[in-house]
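Observations on the model geometry
Residues per chain are reported as follows:
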Amino acid sequence: MKHLISSEQFTREYIDKILMKSRIVKINLMGKPCIDDRLNNSIVATLFYEPSTRTRLSFESAIMRLGGKNISTENAKKMSSAIKGETLEDTIRVISGYCDAIVLRHSDDDSSERAARVSSVPIINAGAGKAEHPTQALLDAFTIWENKETLDGLKICISGDLRHGRTIHSLVKLLSLYDNVEIFGVHRDLFELPTKYIKYLADKGITYRPYNNFAELPRDLDVIYHTRTQTERFQMSMEYNELVITPDTLKKFDDVIVMHPLPRVTEISTEVDNMSQAKYFEQAHNGTYVRMAILLDIFR
Ligand code: NCD
């Protein structure tokens, strides 16, 4: 049984396989609605204890495009037996008897590990607290690869809330597998990348350089991966000054692309949306293709 819990599970070989498959799925889908019915007769549950638009709907779209069926709880915190005091473990024990895989989003950092320990079907982590969001990292890698043709040797800036952003944490682990990658961090005080991720990168020979504005970054930067301040994950009394990307921010870079896992609030001005550098909506659309590739691999 194959659980997908953390980007730490990834190898370059696995990522290459997912990128290639996503490309094939994407090309095929542009022409016709369903290219593979490998999930025929399978049921996949999407169990979401936290809000989601893209992740849940792109997974559900991926399941259906592959001929599978979906059972879903979009507000499991209130609408499942969790409100009656049932533990996540008991819920997973029960639901794993109703389906062939579970896509799980939960506010606890260790939720997917705990679910995997008791589940009789594969668990796919669709966001665990502030810890990880590995399927997002794969679709981020796909978007970078489509735009830059490689993941090796890139200069990548991660910015915004590096402390609480699970997409950042999964992405840096994934990027650590590539050669000569340089990672720059741009953040306000209190939103720094936790030491354990800096150490993780250092152990893989990747240098990480923190800054507090975009102006100090090199002209030949390849990617800016900006993120939302995760206000739901800290005390609102914390004072902070949003780091905003505007068309001016991008002027100095020769060939940068701007990514964001979305939802965007005010941290990227809407004037950037129509610029050729803006890739965040394309990135969100890649979610379905990449999640189809992930499901095809799990159900092979
Ligand atoms: C992200 C998440 O849930 O971590 N959204 C997503 O899955 N695309 C990012 C966020 O909520 O800021």
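1. What to know about the nonpolar core
- Of all hydrophobic cores here, the largest spans 57 residues; its most connected members are Ile158, Leu174, Ile183 and Leu295.
- The biggest single contributor to this core is helix H10 (residues 280-298), with 8 residues.
- By size, the runner-up hydrophobic cluster in this structure holds 18 residues, among which are Phe214, Leu217, Leu221 and Ile224.

2. Digging into the side chain of Ser6
- In this fold, Ser6 is placed in the segment before helix H1 (12-31).
- On the basis of relative accessible area, Ser6 is assigned to the buried category, the value being 12%.
- When neighbours within four sequence positions are excluded, Ser6 is seen to be in contact with Glu132, Pro134 and Lys173.

3. Topic: the site of the ligand
- In the vicinity of the ligand, the contacting residues are Thr55, Arg105, His133, Gln136, Arg166, Thr167, Arg228, Gln230, Pro261, Leu262 and Pro263.
- One of the side-chain N or O atoms of Thr55 is found 2.9 Å from an oxygen atom in the ligand.
- Interatomic distance of 3.1 Å between a side-chain N/O atom of Arg105 and an oxygen atom of the ligand.
- Look at the ligand: alone it shows 320 Å² of surface, and the protein chains cover 92% of it.
- Among the residues making up the shell around the ligand, the classes are represented as 3 nonpolar, 5 polar and 3 charged.

4. So, the packing of helix H6 (residues 134-148) against helix H7 (residues 166-175)
- At a closest axis distance of 8 Å, the pairing of H6 and H7 adopts a crossing angle of 60°. In terms of orientation, H6 and H7 fall into the oblique class. For H6 against H7, the interelement crossing comes out right-handed. Here H6 contributes Pro134, Gln136, Ala137, Leu138, Asp140 and Ala141 to the contact with H7, which in turn contributes Thr167, Ser170, Leu171 and Leu174.

5. Quick look at the packing of aromatic side chains
- Counting across every chain of the model gives 7 aromatic pairs.
- For the pair Phe191 and Phe234, a centre-to-centre distance of 5.6 Å together with 65° between the ring planes defines the contact as edge-to-face. Highlighted residues: Phe191 in the loop between strand S6 (182-186) and helix H8 (195-203) and Phe234 in the loop between strand S8 (223-226) and helix H9 (247-250), separated in sequence by 43 residues.
- Assessed through its relative accessible area of 3%, Phe191 is described here as buried.
- A residue is classified by how much of its surface remains accessible, and Phe234, at 13% relative accessible area, is buried.
- Aromatic pair Phe191 and Tyr240: ring centres 5.5 Å apart, planes at 80°, arrangement edge-to-face. With a gap of 49 residues between them, Phe191 in the loop between S6 and H8 and Tyr240 in the loop between S8 and H9 connect regions that are remote in the sequence.
- A relative accessible area of 30% places Tyr240 in the partly exposed class.
- Among the aromatic residues, those joined into a ring-pair cluster are Phe191, Phe234 and Tyr240.
- Taking the ring centre of Tyr200 as reference, the NZ or CZ of Lys173 above it sits at 5.8 Å.

The rules behind these values
- Residues numbered from 1 in each chain as written.
- Predicted model: local features only at pLDDT ≥ 70, side-chain atom pairs only at ≥ 80, totals over all residues.
- Heavy atoms only, no water.
- Core = buried A, V, L, I, M, F, W, Y, C linked by side-chain atoms within 4.5 Å.
- Buried < 20%, exposed > 50% of the residue type's maximum accessible area, 1.4 Å probe, protein only.
- Helix = DSSP H or I, 4+ residues; strand = E, 2+ residues; numbered from the N terminus.
- Contact = heavy atoms within 4.5 Å.
- Near = heavy atom within 4 Å.
- Polar contact = N/O pair within 3.5 Å; in protein donor to acceptor, adjacent residues only side chain to side chain.
- Areas by Shrake-Rupley, 256 points an atom, 1.4 Å probe, with all protein chains shown as cover.
- Nonpolar A, V, L, I, M, F, W, Y, C, P; charged D, E, K, R; others polar.
- Axes fitted to C-alpha atoms, helices over the stretch in contact; angles between N-to-C directions.
- Parallel < 35°, antiparallel > 145°, perpendicular 65-115°, else oblique.
- Left-handed = near helix turned anticlockwise from the far one by under 90°.
- Phe/Tyr/Trp six-rings, centres within 6.5 Å; stacked < 30°, edge-to-face > 60°.
- Lys NZ or Arg CZ within 6 Å of the ring centre and 35° of its normal.

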